[in-house]
Amino acid sequence: MTHRACAVPEARQGQIERADAGAAMAFLPCMPLRWNDDETVSADAIRRALALDHPVHDCVYLALAFRIGATVVTADRRFVTAVASTEHCGAAMTLNDYAGTR
(Lines give C-alpha, C1' and ligand atoms only; values in the text may rest on other atoms or scores of the structure.)
Protein backbone atom coordinates (compact mmCIF):
# COMPACT_ATOMS: atom_id res chain seq x y z
CA MET A 1 0.00 0.00 0.00
CA THR A 2 1.16 3.50 -0.73
CA HIS A 3 1.27 6.04 2.07
CA ARG A 4 1.06 8.99 -0.26
CA ALA A 5 -1.85 11.35 0.13
CA CYS A 6 -2.09 11.57 -3.64
CA ALA A 7 -3.34 7.99 -3.98
CA VAL A 8 -6.58 8.85 -5.77
CA PRO A 9 -5.15 8.96 -9.32
CA GLU A 10 -3.47 5.60 -8.76
CA ALA A 11 -6.76 4.14 -7.49
CA ARG A 12 -8.69 5.52 -10.44
CA GLN A 13 -6.13 4.02 -12.83
CA GLY A 14 -6.22 0.64 -11.08
CA GLN A 15 -2.62 0.92 -9.86
CA ILE A 16 -3.70 0.46 -6.23
CA GLU A 17 -6.89 -0.77 -4.63
CA ARG A 18 -9.55 1.82 -3.85
CA ALA A 19 -9.61 0.65 -0.23
CA ASP A 20 -5.88 1.31 0.00
CA ALA A 21 -6.40 4.85 -1.30
CA GLY A 22 -8.98 5.40 1.40
CA ALA A 23 -6.71 3.91 4.04
CA ALA A 24 -3.92 6.26 2.96
CA MET A 25 -6.14 9.12 4.11
CA ALA A 26 -5.67 7.89 7.70
CA PHE A 27 -1.99 8.87 7.47
CA LEU A 28 -2.63 12.50 6.49
CA PRO A 29 -3.01 13.86 10.04
CA CYS A 30 0.36 12.31 10.94
CA MET A 31 2.20 14.10 8.16
CA PRO A 32 4.27 17.20 8.97
CA LEU A 33 1.71 19.54 7.46
CA ARG A 34 -0.14 22.48 8.85
CA TRP A 35 -3.85 21.65 8.88
CA ASN A 36 -6.78 24.01 8.97
CA ASP A 37 -10.55 23.59 8.92
CA ASP A 38 -10.49 22.45 5.30
CA GLU A 39 -8.98 19.03 6.00
CA THR A 40 -12.51 17.59 6.05
CA VAL A 41 -13.16 19.10 2.61
CA SER A 42 -10.06 17.33 1.29
CA ALA A 43 -11.20 14.00 2.70
CA ASP A 44 -14.72 14.51 1.32
CA ALA A 45 -13.27 15.41 -2.08
CA ILE A 46 -11.20 12.23 -2.18
CA ARG A 47 -14.18 10.08 -1.20
CA ARG A 48 -16.30 11.72 -3.91
CA ALA A 49 -13.53 11.33 -6.52
CA LEU A 50 -13.33 7.61 -5.82
CA ALA A 51 -17.11 7.20 -5.81
CA LEU A 52 -17.54 9.13 -9.08
CA ASP A 53 -14.33 7.84 -10.70
CA HIS A 54 -13.51 11.46 -11.44
CA PRO A 55 -10.42 13.63 -10.84
CA VAL A 56 -10.13 14.87 -7.26
CA HIS A 57 -9.52 18.50 -8.27
CA ASP A 58 -13.10 18.73 -9.58
CA CYS A 59 -14.44 16.98 -6.51
CA VAL A 60 -12.86 19.62 -4.26
CA TYR A 61 -15.37 22.08 -5.71
CA LEU A 62 -18.17 19.58 -5.14
CA ALA A 63 -17.12 18.99 -1.52
CA LEU A 64 -16.93 22.75 -0.93
CA ALA A 65 -20.35 23.23 -2.51
CA PHE A 66 -21.83 20.65 -0.16
CA ARG A 67 -20.16 22.34 2.78
CA ILE A 68 -21.75 25.72 2.05
CA GLY A 69 -24.98 24.54 0.41
CA ALA A 70 -24.11 25.74 -3.08
CA THR A 71 -24.21 24.30 -6.59
CA VAL A 72 -21.12 23.75 -8.74
CA VAL A 73 -21.38 25.46 -12.13
CA THR A 74 -18.95 24.03 -14.67
CA ALA A 75 -18.31 23.59 -18.37
CA ASP A 76 -17.46 19.93 -17.69
CA ARG A 77 -20.57 18.05 -18.86
CA ARG A 78 -18.95 14.69 -17.98
CA PHE A 79 -18.60 15.81 -14.36
CA VAL A 80 -22.22 17.02 -14.20
CA THR A 81 -23.40 13.72 -15.69
CA ALA A 82 -21.36 11.74 -13.15
CA VAL A 83 -22.82 13.73 -10.26
CA ALA A 84 -26.36 13.47 -11.69
CA SER A 85 -26.20 9.67 -11.56
CA THR A 86 -25.75 9.76 -7.76
CA GLU A 87 -27.83 10.75 -4.78
CA HIS A 88 -26.23 14.19 -5.18
CA CYS A 89 -28.01 15.01 -8.43
CA GLY A 90 -28.59 18.70 -8.69
CA ALA A 91 -25.33 19.54 -6.91
CA ALA A 92 -23.65 20.42 -10.20
CA MET A 93 -24.89 22.06 -13.39
CA THR A 94 -23.35 23.03 -16.70
CA LEU A 95 -22.68 26.63 -17.66
CA ASN A 96 -25.29 26.31 -20.41
CA ASP A 97 -27.92 25.11 -17.94
CA TYR A 98 -27.01 27.94 -15.58
CA ALA A 99 -27.28 30.49 -18.38
CA GLY A 100 -30.74 29.14 -19.16
CA THR A 101 -31.89 29.91 -15.62
CA ARG A 102 -30.97 33.59 -15.93
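For the structure, check the block above.
Cut-offs and rules
Residues numbered from 1 in each chain as written. Predicted model: local features only at pLDDT ≥ 70, side-chain atom pairs only at ≥ 80, totals over all residues. Heavy atoms only, no water. Phe/Tyr/Trp six-rings, centres within 6.5 Å; stacked < 30°, edge-to-face > 60°. Lys NZ or Arg CZ within 6 Å of the ring centre and 35° of its normal. Helix = DSSP H or I, 4+ residues; strand = E, 2+ residues; numbered from the N terminus. Buried < 20%, exposed > 50% of the residue type's maximum accessible area, 1.4 Å probe, protein only. Lys, Arg positive; Asp, Glu negative; His and termini not counted. Salt bridge = Lys/Arg side-chain N within 4 Å of Asp/Glu carboxyl O. Contact = heavy atoms within 4.5 Å. Expected span 1.5 Å × (residues − 1). Arc of directions from axis to C-beta. Polar contact = N/O pair within 3.5 Å; in protein donor to acceptor, adjacent residues only side chain to side chain.

Asker: Hey, could you run me through the packing of aromatic side chains in this one?
Answerer: The description of two aromatic rings rests on the distance between their centres and on the angle between their planes. Counted according to the given criterion, the structure contains zero aromatic pairs. A cation sits over an aromatic face here: Arg-48 above Phe-66, 4.2 Å from the ring centre.

Asker: What's the story with the side chain of Arg-48 in this structure? I'm lost.
Answerer: Here Arg-48 is to be found in helix H3 (residues 39-52). Put simply, Arg-48 is tucked away with no salt bridge, and the nearest opposite charge, on Asp-44, sits 4.7 Å away. For Arg-48, the contacting residues outside a window of four places in its chain are Cys-59, Leu-62, Ala-63, Phe-66 and His-88.

Asker: Got a minute to help me understand H3 in this structure?
Answerer: An α-helix turns once per 3.6 residues; consequently, residues spaced three or four apart project the same way. Relative to the 20 Å expected for 14 residues at 1.5 Å per residue, H3 spans 20 Å between its end C-alpha atoms, a close match to the ideal helical length. Positive phi shows up at Asp-53, right after H3, with a value of about 55°.

Asker: Is there a simple way to think about helix H5 (residues 77-84) in this case?
Answerer: Of the positions making up H5, those classed as buried are Phe-79, Val-80, Ala-82 and Val-83. Looking down the long axis of H5, one finds its buried residues gathered within 160° of arc, a one-sided arrangement. Those residues of H5 that are buried lie in contact with H3, helix H4 (56-68), strand E1 (72-74) and strand E2 (92-94). Structurally, the start of H5 carries an N-cap: the backbone nitrogen of Arg-78 is 3.1 Å from a side-chain oxygen of Asp-76.

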